Amino acid sequence: MADHAPPPAELLDLLGPRTVVLTGAGLSTDSGIPDYRGPGAPARRPMTYQEFVATPASQQRYWARAHVGWSRMGSAEPNAGHRALVRLEAAGRVPLLITQNVDGLHERAGQQQLVALHGRVSKVVCLDCGRTSDRAPLQRRLTELNPGWAEAHADVAARPDGDVALEETHDFVVPGCEACGGRLKPHVVFFGENVPKDRVARCYAAVDDADSLLVVGSSLTVMSGLRFVRHAAKAGTPVVLVNRGATRGDDLATLKLETGCSGWLSDLADAAEQERGALRPA
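A brief structural summary.

Quick notes on the rules
Each chain has its residues counted from 1, following the order in which its sequence is written. Predicted model: local features are reported for residues with pLDDT of at least 70 only, side-chain atom pairs are reported and counted for 80 or more only, and whole-chain, interface and lining totals are derived from all residues. As a convention, hydrogens and water are excluded, and side-chain values are obtained from all of the structure's heavy atoms. Stacked, tilted and edge-to-face are the three classes assigned to paired rings of Phe, Tyr and Trp, where Trp is represented by its six-membered ring and a pair needs centres within 6.5 Å; plane angles under 30 degrees give stacked, over 60 edge-to-face, the rest tilted. Cavity and pocket criteria rest on a 1 Å grid covering protein atoms alone: a 1.4 Å probe that fits but cannot get out defines a cavity, protein on both sides within 12 Å along at least 5 of 7 lines defines an open pocket, and an atom within 4 Å of a point defines a lining residue. Grid points are joined across faces, edges and corners, and a volume is the space filled by probe spheres set on the points. Secondary structure is summarised from DSSP: a helix means a run of H or I of at least four residues, a strand means a run of E of at least two, and numbering begins at the N terminus for each. Relative accessibility thresholds used throughout: buried, under 20% of the residue-type maximum; exposed, over 50%; partly exposed, between the two (1.4 Å probe, protein chains only). DSSP bridges decide pairing: two strands pair if at least two such bridges lie between them. Crossovers are described as right-handed under a simple rule: with the strands pointing away from the observer, the path leading from the first strand over the helix to the second runs clockwise. Three classes are used: nonpolar for Ala, Val, Leu, Ile, Met, Phe, Trp, Tyr, Cys and Pro, charged for Asp, Glu, Lys and Arg, and polar for all others, with Gly counted as polar. Any pair of nitrogen or oxygen atoms within 3.5 Å is treated as a polar contact; in protein, a donor-acceptor pairing is required on top of that, and neighbouring residues in sequence qualify only through side-chain atoms on both sides.

### Thoughts on the packing of aromatic side chains
Then comes step 1: Within this structure, the stated rule accounts for 6 aromatic pairs.
Then comes step 2: An aromatic cluster of three or more residues is present, and its members are Phe52, Tyr62, Trp63 and Phe190.

### A few points about the layout of surface pockets
Then comes step 1: Taken as a whole, the second largest pocket encloses approximately 170 Å³ of empty space.
Then comes step 2: Taken together, Leu114, Val115, Ala116, Gly119, Arg120, Lys123, His187, Asp198, Arg199 and Arg202 form the lining of the second largest pocket.
Then comes step 3: Elements that contribute at least two residues to the lining of the second largest pocket include exactly strand S3 (114-116), strand S4 (119-126) and helix H8 (197-209).

### Observations concerning the pairing of strand S7 (residues 212-216)
Then comes step 1: Taking burial as the measure, the 5 residues of S7 include 5 buried ones, the bulk of the element.
Then comes step 2: Going residue by residue along S7, you find Ser212, Leu214 and Val216 tucked away on one face and Leu213 and Val215 tucked away on the opposite face as well.
Then comes step 3: Pairing between strand S1 (residues 19-23) and S7: 5 bridges, direction parallel. Each residue of the ladder has a partner; that of Val21, found in S7, is Leu214.
Then comes step 4: Alignment of S7 against strand S8 (residues 239-242), held across 4 bridges, turns out to be parallel. The residue bridging Val216 from the neighbouring strand is Val242, located in S8.
Then comes step 5: The parallel pair S7 and S8 is bridged by helix H9 (residues 223-235), and the resulting crossover is right-handed.

### Focus: empty space enclosed by the protein
Then comes step 1: For the structure shown, the criterion picks out 2 cavities of 30 Å³ or more.
Then comes step 2: Taken as a whole, the largest cavity encloses approximately 50 Å³ of empty space.
Then comes step 3: As for the largest cavity, its lining consists of Leu12, Leu15, Thr19, Val21, Leu88, Arg93, Val94, Leu214 and Leu268.
Then comes step 4: Of all elements in the fold, only helix H1 (8-15) and S1 reach the threshold of two or more residues within the lining of the largest cavity.
Then comes step 5: Estimated volume of the second largest cavity: approximately 30 Å³.
Then comes step 6: In this structure, the second largest cavity is lined by Thr99, Asn101, Asp103, Gly104, Leu105, His106, Glu107 and Ala116.
Then comes step 7: The biggest single contributor to the lining of the second largest cavity is helix H5 (residues 105-109), with 3 residues.
Then comes step 8: Split into classes, the residues belonging to the lining of the second largest cavity amount to 2 nonpolar, 4 polar and 2 charged.

### Brief notes about the side chain of Ser219
Then comes step 1: Following the sequence through the fold, Ser219 ends up in the loop between S7 and H9.
Then comes step 2: Classification of Ser219 as buried rests on a relative accessible area of 16%.
Then comes step 3: Polar side-chain contacts of Ser219 include one of 2.7 Å to the side chain of Thr221.

Here it is, written out as structure tokens:
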């Protein structure tokens, strides 16, 4: 583990020309979205897929919390870390970005080559007919059916998945799918679900073709991200971890840095742009 980051130019040499980036919740904290397991983060147990589909009461509890949380996550803006990754992509350094985040901030920042490993909360899927739709129309329907709900719970603590820590939800009204009246679910991968195989295959292929794997803001607690670190390390591909606090991949890292994501990525993007400029013909 490094106590301080090497100069950005040295890091670029370590990473090589093509770096696959894996991001976690720690990257979005500077946008006001809390993370899962960083220093000071409260312990929490997200709702599993099995719990969600088990009863209408579970779906009611989820959507009552998510209705309040969406207004906060939906208004979050990309931070300097998101923008730095866009700059690194534009400099030809990042052929693919893999994110465990569901907040959509990489897309809003302008990232082009992206796999949203766990989906996005901005989309909704019907579990009965399979229809997908945007979240905004559902949010309007929830507001109409539950007037004043979001305002009444405006002070409840936010959580990383776009919901809030709310317990009393028994009187919340949840609409059905507009096409079939079926059960609506955010189009994200819940705990207890599997990431679609095509997404995983694309990520493995990109890691195989990369010169390095850079992990930013993830504790790698869940296997969906850790598997790519293990895959890279097994192949001898350098792995650089940037995260405040321990990760499950620390023993596999070529370099581990305990520092903030946004500033570090901004410095790296500055160095990449300077290098690219210096290599252009006069």
